[in-house]
Amino acid sequence: MQIYLIKRLMLFIPTMLLVFTVVFLILRVVPGDPAVAMLSGSSTEVNFTQEDIDRLRAKLGTDRPLVVQYVDWLWGLGRLDFGTSFFYDQPIWDDIKDRFPITFELTVLALLMAGVVAIPLGVLSAIKQDSLPDYIGRIITIGGIAIPNFWIGILMVFFLANVFDWLPPLGYTDFWDDPWTNLQQLVFPAFALAITHMAFVARVTRSAALEVIREDYVRTARSKGLSERVVIWRHVLKNALLPVVTVAGYEFGRLMGGTVLIETIFNVPGMGQLLIGGINHRDFPMVQGIVVVITFLVLIINLLVDMIYGMLNPRIRYT
């Protein structure tokens, strides 16, 4: 186990380097100059000279060769220094550490919502195959996969405001300060974020449960006189959870990325809004810093998923 963990942790290095390189190059290839964006601001009138642009480029360091910028950025990451924001002119880590808990809470809440609905729905569709509950479950899951979550979020805001004449409280309240207000602010964004994940997990759960139900040990358990509930929960669900856990780990990264649009729609001040602001302002260090955090978190989640495999299936050994 220790050797396996060391190997997996060592694989973090090339993976993160590849992601960092791709993001760094894409930001420099996409049209847009941070100096011009900062000088122009929201004004449409050009009231600055080329000397102003060159002076600001020198201050930001974007006039240096790309290799020098890249090595300097990696050297800062090695010292846990995410750099300074072009637009806000303050350490990037100060913004990320304030916004990260909000996005993380939103993602975890969406995962919980998806799991609570998707796993029972998938198992029910499997044990009632080709019946009315199964057909209803298929319609729900196919619709959930087909409909984009940002469109669901827009519809939710529209109906809450125009039909129910109510909107969640603006801003963000810490859960430990006011749990009720916190849940009011995040429950609808989390639900909009969870729907696609919910549908996908339900489909995977149904397929895995159908495969397990046909196994010999399930027929043996029924022949011994065990109740159907015991057969389903102790034998079917436990052995069908492996692919579900795999999907959940994969979907966690997608949910973290999906918060970008959902946070903008519901005005949730998380990392998604910070990322959108960084892209709009051509704030390269800010975008790179957020990608670093999300990449590292996804790698950690994938490692934890592999460890959970051994708990769910004792036959799995890491040597």
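Heads up: these notes are all about the structure in this document.

Conventions we followed
Residues numbered from 1 in each chain as written. Predicted model: local features only at pLDDT ≥ 70, side-chain atom pairs only at ≥ 80, totals over all residues. Heavy atoms only, no water. Axes fitted to C-alpha atoms, helices over the stretch in contact; angles between N-to-C directions. Helix = DSSP H or I, 4+ residues; strand = E, 2+ residues; numbered from the N terminus. Parallel < 35°, antiparallel > 145°, perpendicular 65-115°, else oblique. Left-handed = near helix turned anticlockwise from the far one by under 90°. Core = buried A, V, L, I, M, F, W, Y, C linked by side-chain atoms within 4.5 Å. Buried < 20%, exposed > 50% of the residue type's maximum accessible area, 1.4 Å probe, protein only. Contact = heavy atoms within 4.5 Å. Phe/Tyr/Trp six-rings, centres within 6.5 Å; stacked < 30°, edge-to-face > 60°. Lys NZ or Arg CZ within 6 Å of the ring centre and 35° of its normal. Lys, Arg positive; Asp, Glu negative; His and termini not counted. Salt bridge = Lys/Arg side-chain N within 4 Å of Asp/Glu carboxyl O. Polar contact = N/O pair within 3.5 Å; in protein donor to acceptor, adjacent residues only side chain to side chain. 1 Å grid on protein atoms, 1.4 Å probe; cavity = no way out; pocket = protein on both sides within 12 Å on 5 of 7 lines; lining within 4 Å. Points joined across faces, edges and corners; volume = space filled by probe spheres on them. Nonpolar A, V, L, I, M, F, W, Y, C, P; charged D, E, K, R; others polar. Expected span 1.5 Å × (residues − 1). Bend = angle between axes of the 7 residues up to and from the residue.

The N-to-C vectors of helix α8 (residues 179-213) and helix α10 (residues 228-266) enclose an angle of 160°; their axes lie 8 Å apart at closest approach. Looking at the two axes, α8 sits roughly antiparallel to α10. Of the two elements, α8 crosses α10, and the hand of that crossing is right-handed.

A word on the nonpolar core. Formed by 40 residues in total, the largest nonpolar core has its most connected members in W73, F82, I96 and I290. Apart from residues lying up to four places away in sequence, I290 is in contact with I96, M271, L274 and L275. Counting residues in hydrophobic clusters, the runner-up holds 26 residues, among them M113, L121, A192 and I262.

Attention now goes to the side chain of S125. In this structure, S125 sits in helix α5 (residues 92-127). Leave out the neighbours within four places in its chain, and S125 touches P133, D134, G137 and R206.

So, on to the packing of aromatic side chains. Going through the model one piece at a time under the given rule, you end up with 13 aromatic pairs. Members of the aromatic cluster, each reached through a chain of ring pairs, are F20, F24, Y70 and W73. A cation over a ring is seen here: R28 above F24, with NZ or CZ 3.8 Å from the ring centre.

Looking now at the side chain of E263. For E263, the position within the fold is in helix α10. At 6.4 Å, R99 is the nearest oppositely charged side chain to E263, a buried residue that forms no salt bridge. Within the local environment of E263, its side chain forms a polar contact with the backbone nitrogen of M271, the two atoms lying 3.4 Å apart. Apart from residues lying up to four places away in sequence, E263 is in contact with T103, L106, V268, G270, M271, G272 and Q273.

Within the secondary structure layout, I294 lies in helix α12 (residues 284-312). Once you skip the residues sitting within four places of it in the chain, I294 turns out to touch M256 and M271.

On to the pattern of salt bridges. Close approach of charged atoms lets side chains of opposite charge pair. Enumeration according to the criterion identifies 9 salt bridges in this entry. Salt-bridge contacts for R55 lead to D52; the nearest nitrogen and oxygen are separated by 2.9 Å. Residue R55 and its partner D52 are both found in helix α3 (residues 50-60); the two are separated by 3 residues, about one turn of the helix. We note a salt bridge from K97 to D94, for which the minimum N-O separation is 3.9 Å. Note that K97 and D94 are positioned in helix α5 at a spacing of 3 residues, about one turn of the helix. Accessibility expressed as a relative area gives 43% for K97, which makes it partly exposed. Residues participating in the shared-partner salt-bridge network are D130, D134, R138 and R206.

Taken as a whole and assessed by the stated rule, the structure comprises 1 cavity of 30 Å³ or more. In this structure, the largest cavity spans a volume of roughly 30 Å³. As for the largest cavity, its lining consists of L121, G122, S125, G137, R138, T141, A202, R203 and R206. Where the lining of the largest cavity is concerned, the elements lending two or more residues are α5, α6 (132-146) and α8. Of the residues in the lining of the largest cavity, the class split is 2 nonpolar, 4 polar and 3 charged.

The next subject is α8. Given a rise of 1.5 Å per residue, 35 residues ought to cover 51 Å, yet the end C-alpha atoms of α8 are separated by just 41 Å, more than 12% below that figure. At A194, α8 is bent by approximately 40°, the largest bend along its length. In terms of burial, α8 is largely enclosed, as 25 of its 35 residues are buried.

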